[in-house]
Amino acid sequence: AAMMAAAVVRRGRLGQEGRASLCSFLLGASVAALPLLLGSSPSLLAAPGLRGRLALALHVAGERRRQRVLPSLCLQIAVRACFLGFAFGCGLLLSAGRSAWRHFGWYMCSLSLFHYSEYLVTAINNPRSLSLDSFLLNHSFEYNLAALSSWVEFTLEKLFFPELKQITWLSTVGLLMVIFGDCLRKAAMLTAGSNFNHIVQNEKSDTHTLVTSGVYGWFRHPSYVGWFYWSIGTQVLLCNPICVVGYALASWRFFRERIEEEEITLIHFFGEEYLEYKRKVPSGLPFIKGVKLEL
């Protein structure tokens, strides 16, 4: 959060869309303050009772009422950002309690913050490419299916093997992986600036430059490295053994193909300059060397 706030100051003020998203995210996240307002314990969400349910309903109704005054585009942005903020706040409530869902609260915070920060950093770095798709909520059918699978596995294993979901040290390792991965990805986005885009570009613009400094001096594809370890970390956090393996294999295959596709474009854009960079700096992902060049 501090990194993104500093970036806002350095690069200038957020545009209307960015401001609308930030206010809406914070509004949704304010649900975490309900226990203080009600004089209740942080376990409000795990076992809310009638009073807690009524407070949650009023909070959601208040959010919807505030959003009605926004223009059409900002309303669509606000709905998504507020939803992510609400999920983040609910995750905080679960995390602060001592229920068996505590680690799932960590996961909710990680997932919602990842998707919202994708939009916010894009608004800071490259507002020209900013769109509703920048939230990455509709990334792909496979991505949504993977998320659903992890929720199903967590729920079923919690029902039949509850002790498996209470391995705090393992969930802590997963949380550290998530934090490392997300910070690395956002550092890559901020370092690349307007060169970063969620969609692989097939045509070189006048502003395209080859970024080799900062985290790009460690790995050729730090944003993919961060996302790779973030995705696996979410499943380690949830203690989902099946999805840990599934996410690792699926993510590795996806990024191998994505890196090869992207490097063909980068060689076309920058020629020998990129080839020299490719020789010096690893991709950052295990057993992925990028596109192979025929001698």
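Residues numbered from 1 in each chain as written. Predicted model: local features only at pLDDT ≥ 70, side-chain atom pairs only at ≥ 80, totals over all residues. Heavy atoms only, no water.

By the naming in an unreviewed UniProt entry, the protein chain goes by Protein-S-isoprenylcysteine O-methyltransferase and is assigned to Donacobius atricapilla. For the protein chain, the Function (unreviewed entry) comment in UniProt is given as "Catalyzes the post-translational methylation of isoprenylated C-terminal cysteine residues." The UniProt entry for the protein chain carries the following comment under Sequence similarities (unreviewed entry): "Belongs to the class VI-like SAM-binding methyltransferase superfamily. Isoprenylcysteine carboxyl methyltransferase family." (UniProt positions renumbered as here; feature names shortened; annotations may be inferred.)

Here the largest pocket is characterised by a volume of approximately 870 Å³. Forming the boundary of the largest pocket are 42 residues, of which Asn-195, Phe-196, Asn-197, Ile-199 and Glu-262 lie nearest the centre. The set of elements that each furnish at least two residues to the lining of the largest pocket consists of helix H6 (102-125), helix H8 (168-192), helix H9 (222-237), helix H10 (241-270) and helix H11 (272-280). The leading source of residues in the lining of the largest pocket is H10, at 7 residues. In terms of residue class, the lining of the largest pocket is built from 18 nonpolar, 18 polar and 6 charged. Two domains share the lining of the largest pocket, each providing at least three of its residues, namely domain 1 (1-133) and domain 2 (139-294). (1 Å grid on protein atoms, 1.4 Å probe; cavity = no way out; pocket = protein on both sides within 12 Å on 5 of 7 lines; lining within 4 Å. Points joined across faces, edges and corners; volume = space filled by probe spheres on them. Helix = DSSP H or I, 4+ residues; strand = E, 2+ residues; numbered from the N terminus. Nonpolar A, V, L, I, M, F, W, Y, C, P; charged D, E, K, R; others polar. Domains from an automatic or database assignment.)

The UniProt feature table records "transmembrane region" (unreviewed entry) at residues 70-94 and 227-250. Overall, residues 227-250 shows 88% helix and 0% strand. The separation of its end C-alpha atoms is 12 Å.

Right, let's talk about the nonpolar core for a bit. Membership of the largest hydrophobic core comes to 46 residues, with the highest contact counts inside it found for Tyr-216, Trp-227, Trp-230 and Leu-285. Going through the elements one at a time, helix H5 (72-96), H6, helix H7 (141-160), H8, H9, H10 and H11 are the ones with two or more residues in this core. Structurally, this core is a two-domain feature, drawing no fewer than three residues from each of domain 1 (1-133) and domain 2 (139-294). Among all residues touching Trp-227, those that are not within four sequence positions of it are Phe-114, Leu-136, His-139, Tyr-143, Gly-181, Arg-185 and Phe-255. Judged by nonpolar contacts, the second largest core, of 15 residues, contains Ala-81, Phe-88, Ala-123 and Leu-130. (Core = buried A, V, L, I, M, F, W, Y, C linked by side-chain atoms within 4.5 Å. Buried < 20%, exposed > 50% of the residue type's maximum accessible area, 1.4 Å probe, protein only. Contact = heavy atoms within 4.5 Å.)

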